[in-house]
Amino acid sequence: MSNAKEWSEKLFYKKKTVYESASKQALDAAHDYARGYAAFLDAAKTEREAVKEGIRLATAAGFVPYTLGERVQRGGKYYYNNRGKSLILFTVGSEPIECGIRIAAAHIDAPRIDLKQCPLYEESGMSFFKTHYYGGIRKYQWVATPLALHGVVAMADGSVIDVSVGEDERDPVFYINDLLPHLGQEQSKKPLGEAIPGEKLNVLVGSRPFDGADETDAIKLNTLALLHEKYGITEADFLSAELCVVPAFKARDIGFDRSLIGAYGHDDRVCAYPALSAILECADSKHTLMCILADKEETGSDGNTGMKSDIFMDLINEIAQSLGGNPAVVRANSKCLSADVSAAYDPNFPDVFEKRNTPLLSCGVVLTKFTGSRGKSGTNDASAEYIGWLRGAMEKEGVVWQAGELGRVDCGGGGTVAKYIAAHNIETVDLGVPVISMHAPFEVIAKVDLYEAYRAFVAFCTAE
Ligand code: MN
Ligand code: MN
């Protein structure tokens, strides 16, 4: 080589957008893929709904339910439904099980507002639900916006009633009041995080009194009468209910060019959906594959449906033992993608990012070596060797990817389920889609990044 141009092409790393490398057909494919994703978003606003939708798609692809204790068969395609709130799919490959399992783990819960167990009350001509928010929300974003109610009421007789109000165009929606600017001067002086305290997130659900009632709580009574008419429930049944308030909007294209999707709960359905579609598509891979769709990530992965639950290890043990493998050897040779979103660089808020190491929108799927706060506290910090392997697997398939970190050093930080999986001696790294306005009621992603995530999961499931 003789000149600087040749040397710079050979030596420099330059982050590229998907648009720079993808063909017209590939961009069309990304656009088509996004339609299926948008339908999944609208059908699955809670973990329970995501499990149902996941089972529907898996069943259509030939997967069958697995029960603990059952022997798994080579070539089998299974799903394990954990209490209707987390879902683990696995396919048994032709190679020896001690070669390990290829695992993709995403979460299907999202930040929202849950009802308390004694939620309903009446005050000054309105009936409301008391709530307790779930996950990291910025409370000011949830007021003065249309909301839907999703969840279940578990009756004392063992029956479970599904609730979904606010999704159908003919449904009513719900609402959290905010102050008018005319009277909001004191509120406006407060720090953003204190302007709307948690106990003010009361959801407006009615204002009409029960016909002919002159007693107190006539509006509350009317609200209960309507719930009784529709669901057969009484106030006591809230005691054993899980009811979630989520944004009432559907997923929509954003931008004149329709290149982006705005929706509730991209974190982490934008990884769960491509991880799921990859295992459905790669079910015949010679590798044994597993796709974990976990609950409770947004509250710390605790509980029996969260990633810290033993169920995931129990299943690996069952698979290993069914096929005559040592579970410790299986784990030692397994590889995992902890599939979760990253924060995309936002030019409106440049101060919190370090641009050279922050994922950019439309530059493909993000590989995050480490997460955590301060001095990488709480991080999995994947090994260079594992990242090298994954890099090779993605580059072989032409997957557009970028390295990324969640914001500037010492600015905050965050974590994922990666460390809970890595703790079992499984190679694990974070991979996901960059998101604008993460945890907002309406988040934004780029369709091309979603599609590269899907292609990355397929490359992972099929690579040598
Ligand atoms: Mn997440
Ligand atoms: Mn999150």
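Summary of the structure given here. Throughout this description, residue numbers start from 1 for each chain and increase along the sequence as written. Chains and ligands are labelled sequentially in the order written, the chains with letters from A and the ligands with numbers from 1. At least 70 in pLDDT is required for a residue's local features to be given in this predicted model, at least 80 for side-chain atom pairs to be given and counted, and no such filter applies to totals for whole chains, interfaces and linings, which use all residues. Each side-chain value is derived from all of the structure's non-hydrogen atoms; neither hydrogens nor water enter the calculation.

As a benchmark, a tetrahedral metal site with four donors has ideal angles of 109.5 degrees, while an octahedral site with six donors has ideal angles of 90 or 180 degrees. Looking at the manganese ion (ligand 2), one finds its protein donor set to be Asp267 (OD), Glu298 (OE), Glu298 (OE) and His439 (NE2), positioned 2.0 to 2.6 Å from the metal centre. Taken in sequence order, the residues that donate to the manganese ion (ligand 2) follow the motif D-x30-E-x140-H. Note that water is not among the atoms considered, so a metal site may appear incomplete; the donors listed are N, O and S atoms within 2.8 Å of the metal, with 3.2 Å applied to Na, K and Ca. In this structure, the manganese ion (ligand 2) lies 3.3 Å from the manganese ion (ligand 1), and both are coordinated by aspartate 267. Here aspartate 267, found in helix α8 (residues 266-281), pairs with histidine 439, found in the loop between β22 (434-435) and β23 (443-446); they are 172 residues apart in sequence, far enough to count as distant. In this pair, the class of aspartate 267 matches that of histidine 439, namely buried. Put simply, DSSP marks the helices as runs of H or I at least four residues long and the strands as runs of E at least two long, and each gets a number from the N terminus on. Classification of residues uses two cut-offs on accessible area relative to the type maximum, computed with a 1.4 Å probe and protein chains only: under 20% is buried, over 50% is exposed, and between them is partly exposed.

We now examine helix α13 (residues 447-462). Two residues of an α-helix separated by three or four positions point the same way, owing to the 3.6 residues in each turn. An ideal rise of 1.5 Å per residue puts 22 Å on 16 residues; α13 measures up with 23 Å between its terminal C-alpha atoms. Buried residues dominate α13, accounting for 14 of its 16 residues. For a helix, the expected span equals 1.5 Å multiplied by the number of residues minus one.

The rule for pairing is simple: two strands pair if DSSP sees at least two bridges between them. Spatial strand order, β1-β2-β3-β14-β4-β15-β21-β17-β19: 9 strands in an open sheet with mixed pairing. Two strands close off the open sheet at either side, each with one partner strand: β1 (64-65) and β19 (401-403). Where β1 meets strand β2 (residues 77-82), 2 bridges bridge the pair, whose relative direction is parallel. The residue of β2 that forms the bridge with proline 65 is tyrosine 79.

What follows covers the coordination of the manganese ion (ligand 1). Taken together, His107 (NE2), Asp267 (OD), Asp340 (OD) and Asp340 (OD) make up the protein donors of the manganese ion (ligand 1), found 2.1 to 2.6 Å from the metal. Accessibility expressed as a relative area gives 1% for histidine 107, which makes it buried.

With 14 residues, helix α7 (residues 218-231) should reach 20 Å at 1.5 Å per residue; the first-to-last C-alpha distance of 20 Å fits that figure. Taken together, the buried positions of α7 are Ala218, Ile219, Lys220, Asn222, Thr223, Leu224, Leu227 and Tyr231. Count one or two residues on from α7 and you reach glycine 232, which has phi positive near 70°.

So, on to the sheet that holds strand β13 (residues 260-263). Read across the open sheet, the 3 strands follow the order β12-β13-β23; overall the sheet is antiparallel. Every other strand in the sheet has two partners, leaving β12 (252-254) and β23 as the edge strands with one partner each. Taking each pair of neighbouring strands and ignoring which way they run, the sheet shows an average axis angle of 35°. Residue contacts are counted whenever heavy atoms from the two residues lie within 4.5 Å of one another. An axis is simply a line fitted to the C-alpha atoms; with a helix, the fit covers only the stretch in contact. Between two such axes, the angle follows the N-to-C directions and lies from 0 to 180 degrees. Helix-sheet contacts for α13 involve β12, β13 and β23, and the interaxial angle to β23 is about 65°.

Omega for the bond connecting aspartate 267 with aspartate 268 falls within 30 degrees of zero, at 15°, which places this linkage in the cis form. Its place among the elements puts aspartate 268 in helix α8. Phi at aspartate 217 takes a positive value of approximately 65°, unusual for a residue other than glycine. Summarising the element assignment, aspartate 217 is placed in the loop between β10 (203-206) and α7. Judged by its relative accessible area of 35%, aspartate 217 is partly exposed. Positive phi, normally seen in glycine, also occurs at aspartate 381, with a value near 45°. Tracing the chain through its elements places aspartate 381 in the loop between β18 (372-373) and α11 (384-396).

The subject of this paragraph is the state of the cysteines. Note on terminology: disulfide denotes any pair of cysteine sulfur atoms within 2.5 Å. Evaluated as defined, the whole model comprises 0 disulfides. For the unlinked cysteine cysteine 244, the closest cysteine sulfur is that of cysteine 118, found at 17 Å. Owing to a relative accessible area of 5%, cysteine 244 belongs among the buried residues under this scheme.

Viewed as axis vectors pointing N to C, helix α3 (residues 24-43) and α13 meet at an angle of 90°, and their least axial separation amounts to 9 Å. What the angle tells us is that α3 and α13 run roughly perpendicular. Contacts between α3 and α13 involve Ala26, Leu27, Ala29, Ala30, His31, Tyr33, Ala34 and Tyr37 from the first element and Lys447, Val448, Leu450, Tyr451 and Tyr454 from the second. Each residue receives one of three labels: charged for Asp, Glu, Lys and Arg, nonpolar for Ala, Val, Leu, Ile, Met, Phe, Trp, Tyr, Cys and Pro, and polar for the others, Gly being one of them. Here the contact of α3 with α13 is composed, by residue class, of 11 nonpolar, 1 polar and 1 charged. Reported orientations rely on four angle classes, namely roughly parallel under 35 degrees, roughly antiparallel over 145, roughly perpendicular from 65 to 115, and oblique for the rest.

The method is simple in principle: a probe with the dimensions of a water molecule rolls over the atoms, and the space it marks as empty is what remains. A pocket, in this scheme, is an open set of points on a 1 Å grid over the protein atoms alone with protein on both sides within 12 Å along at least 5 of 7 lines, while a cavity is a set where a 1.4 Å probe fits but cannot get out; residues line either one if an atom lies within 4 Å of a point. Grid points are joined across faces, edges and corners, and a volume is the space filled by probe spheres set on the points. Across all of its chains, the model carries 3 cavities of 30 Å³ or more by this definition. Estimates place the volume of the largest cavity at around 50 Å³. At the level of secondary structure, the elements contributing two or more residues to the lining of the largest cavity comprise β3 (86-91), β14 (288-294) and α9 (311-322). Looking at the lining of the largest cavity residue by residue, the class counts come to 6 nonpolar, 4 polar and no charged. By volume, the second largest cavity is sized at about 40 Å³. Along the walls of the second largest cavity sit Arg102, Ile103, Ala104, Ala275, Ile279, Leu289, Met290, Cys291, Phe460 and Cys461, which together make up its complete lining. For the lining of the second largest cavity, the elements supplying multiple residues, two or more each, are β4 (101-107), α8, β14 and α13.

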